[in-house]
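# Remarks on the overall topology
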Amino acid sequence: MPTLLSHAMLGRWPPLASPRTARDFVFVDDAIEAYRLAAARDALEPGAVFNIGSGTQVRLGELVEAVREMFGLPAPSGWGSLPD
């Protein structure tokens, strides 16, 4: 997300994966709260894994379209220049 926005502010696109690639973006305050809750747990096994997510997927194509409209950029031509 930061790379996408920093490139958009300069009027260009970063390398992009497939527009069908989906991600689950989490607000930073929610991620911090998840870390806090995990740290407060008793008797965790060393190396315990916690998956943090919002439960809502966003496709890269949807995200790029929102940024395109926000910054008035032309449609990107570099889809697939990054692996999915």
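Refer to the preceding data block for the structure.
Residues numbered from 1 in each chain as written. Predicted model: local features only at pLDDT ≥ 70, side-chain atom pairs only at ≥ 80, totals over all residues. Heavy atoms only, no water.

### Brief notes about the overall build of the chain
- Helices and strands together make up the secondary structure of the chain, namely three helices and two strands.
- Ordered by position from the N terminus, the helices and strands of the chain form the series α-β-α-β-α.
- Of all 84 residues assigned to the chain, the portion counted as buried reaches 20%.
- A separation threshold of at least 6 residues defines the contact pool for the chain, and within that pool the share at least 24 residues apart is 79%.
- Charge centroids of the chain, computed over 7 positive and 10 negative side chains, lie 7 Å from each other. (Helix = DSSP H or I, 4+ residues; strand = E, 2+ residues; numbered from the N terminus. Buried < 20%, exposed > 50% of the residue type's maximum accessible area, 1.4 Å probe, protein only. Contact = heavy atoms within 4.5 Å. Lys, Arg positive; Asp, Glu negative; His and termini not counted. Charge placed at Lys NZ, Arg CZ, Asp CG, Glu CD.)

### Structural notes on the pattern of salt bridges
- Under the defined criterion, the tally for this structure stands at two salt bridges.
- Between Arg68 and Glu65 there is a salt bridge, and its shortest N-O distance comes to 2.8 Å. Here Arg68 and its partner Glu65 are both found in helix H3 (residues 60-71), three residues apart, which amounts to about one turn of the helix.
- Judged by relative accessible area, which is 24%, Arg68 ranks as partly exposed.
- Glu65 sits in the partly exposed class, given a relative accessible area of 31%. (Salt bridge = Lys/Arg side-chain N within 4 Å of Asp/Glu carboxyl O.)

### What to know about the nonpolar core
- Among the nonpolar cores identified, the biggest contains ten residues, and these are Leu4, Ala8, Trp13, Leu16, Ala17, Leu60, Leu63, Val64, Val67 and Leu73.
- Contributions of two or more residues to this core are made by helix H1 (2-9) and H3.
- Looking at this core, the element that brings in the most residues is H3, giving four residues.
- In this structure Val67 touches Leu4, Leu5, Ala8 and Trp13, once residues within four positions along its chain are discounted. (Core = buried A, V, L, I, M, F, W, Y, C linked by side-chain atoms within 4.5 Å.)

### Topic: the side chain of Ser18
- Its location among the elements puts Ser18 in the loop between H1 and strand S1 (22-23).
- Note on Ser18: relative accessible area 9%, which makes it buried.
- Residue contacts for Ser18: discarding those within four places in its chain leaves Leu60, Trp79, Gly80 and Asp84.

### Description of H1
- Of the positions making up H1, those classed as buried are Leu4, His7 and Ala8. Viewed along the axis of H1, the buried residues span an arc of 100 degrees, placing them on a single side of the element. For H1, exposure combined with an orientation more than 90 degrees from the buried face picks out Pro2 and Met9. (Arc of directions from axis to C-beta.)

By themselves these figures say nothing about function.
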